[in-house]
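So the chains spell out like this:
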Amino acid sequence: MRIINVCGVLMLSACSTVMDKNVEWEYVQPEHYPVLNAVGYAPISAQMGSSDAVKTLLAIKASKLDAYRELTEQVYGQRIEGSQELSNLVLSDEELKSSIQGVIRGAEVVKAYAADDDTYVTELRLDMQKVYDLYLSTARPKRIKKVNYY
């Protein structure tokens, strides 16, 4: 019985055809590229600095980081985790956490200015055409254009 099974497997494997193929790829380009905008704010007086000049410089950096956080949220979304705790059918504790994580490349500062005496503002723009061009320099997206079997 074993000999018949081995012969059957050999016959089935002999029937399968192994073909060589040549695959031609074409590169895909999106139809349109959105432009994202973000604004970051930071209070000047709340910064930990020894002088007003140092506090202003720290507020400039903080407002830029806040604008980058907003851009990251637009590109990657925001992760939200929540939990509730009940004790004797009464809500005793409720917690909500939010986090954003991602890499932003190609953003440019459009404007940075003091909005009033105590607030610094940074406006960023992210042109997805520029992001796509940066992406192409590392990994080119492609799809099958044509397959030739031999």
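Up top you'll find the structure we're talking about.
A few points on the structure.

Reading the values: rules and limits
Residues numbered from 1 in each chain as written. Predicted model: local features only at pLDDT ≥ 70, side-chain atom pairs only at ≥ 80, totals over all residues. Heavy atoms only, no water. Helix = DSSP H or I, 4+ residues; strand = E, 2+ residues; numbered from the N terminus. Contact = heavy atoms within 4.5 Å. Areas by Shrake-Rupley, 256 points an atom, 1.4 Å probe, with all protein chains shown as cover. Pairing = 2+ DSSP bridges. Axes fitted to C-alpha atoms, helices over the stretch in contact; angles between N-to-C directions. Salt bridge = Lys/Arg side-chain N within 4 Å of Asp/Glu carboxyl O. Buried < 20%, exposed > 50% of the residue type's maximum accessible area, 1.4 Å probe, protein only. Expected span 1.5 Å × (residues − 1).

Here we look at the overall build of the protein chain
Moving on, step 1. On a plain count of helices and strands, the protein chain comes out with three helices and seven strands.
Moving on, step 2. Long-range pairs, those at least 24 residues apart, make up 63% of the contacts in the protein chain with a sequence separation of at least 6.
Moving on, step 3. Carbon and sulfur atoms form 54% of the exposed surface of the protein chain, whose accessible area is close to 11,800 Å².

Focus on the sheet that holds strand S5 (residues 108–114)
Within a sheet, each strand pairs with its neighbour through backbone hydrogen bonds, oriented either parallel or antiparallel.
Moving on, step 1. Taken together, three strands build an open sheet; the order of strands is S2-S6-S5 and the sheet is antiparallel. Each edge of the open sheet carries a strand with a single partner, namely strand S2 (35–43) and S5. Taken over all neighbouring pairs, the strand axes of this sheet differ in orientation by 15° on average, direction set aside.
Moving on, step 2. Relative to strand S6 (residues 119–127), S2 is paired through nine bridges, and the arrangement is antiparallel. Looking at the pairing, Ala-38 lines up with Leu-124 of S6.
Moving on, step 3. Sitting on the sheet, helix H2 (residues 52–76) touches S2, S5 and S6, and the angle it makes with S2 is about 145°.
Moving on, step 4. Relative to the sheet, helix H3 (residues 128–136) contacts S2, S5 and S6, its axis offset from that of S6 by approximately 60°.

Topic: the pattern of salt bridges
Opposite charge on two side chains makes pairing possible when the charged atoms of those side chains draw close.
Moving on, step 1. Counted by the stated rule, this structure contains five salt bridges.
Moving on, step 2. A salt bridge links Arg-69 to Asp-66; its shortest N-O distance comes to 3.1 Å. A residue pair is termed a helical-turn pair when its members lie 3 or 4 positions apart in one helix, as Arg-69 and Asp-66 do in helix H2 at three residues.
Moving on, step 3. When its relative accessible area of 36% is taken as the criterion, Arg-69 is described as partly exposed.
Moving on, step 4. One salt bridge in this structure joins Glu-81 and Arg-79, with 3.0 Å as the shortest N-O distance.
Moving on, step 5. Classification of Arg-79 as exposed rests on a relative accessible area of 54%.
Moving on, step 6. Taken together, the shared-partner salt bridges connect Asp-66, Arg-69 and Glu-73 into one network.

Quick notes on H2
Moving on, step 1. In this model H2 runs 36 Å from its N-terminal to its C-terminal C-alpha over 25 residues, within 8% of the 36 Å that 1.5 Å per residue would give.
Moving on, step 2. Of the positions making up H2, those classed as buried are Ala-59, Ser-63, Ala-67, Leu-71 and Thr-72.
Moving on, step 3. The elements touched by buried residues of H2 are S2 and S6.
Moving on, step 4. Once H2 ends, the next one or two residues include Gly-77, with phi positive near 90°.

A closer look at the pairing of strand S3 (residues 79–87)
On a regular strand, each side chain points to the face opposite its neighbour's, so the side chains alternate between the two faces of the sheet.
Moving on, step 1. In terms of burial, S3 is a largely surface element, zero of the nine residues being buried.
Moving on, step 2. Across nine bridges, S3 lies against strand S4 (residues 90–99) in antiparallel orientation. Residue pairing for S4: Arg-79 is matched across the bridge by Ser-99.
Moving on, step 3. Counted along the chain from S3 to the antiparallel partner S4, the turn is two residues long, and its residue Asn-88 has a positive phi close to 55°.

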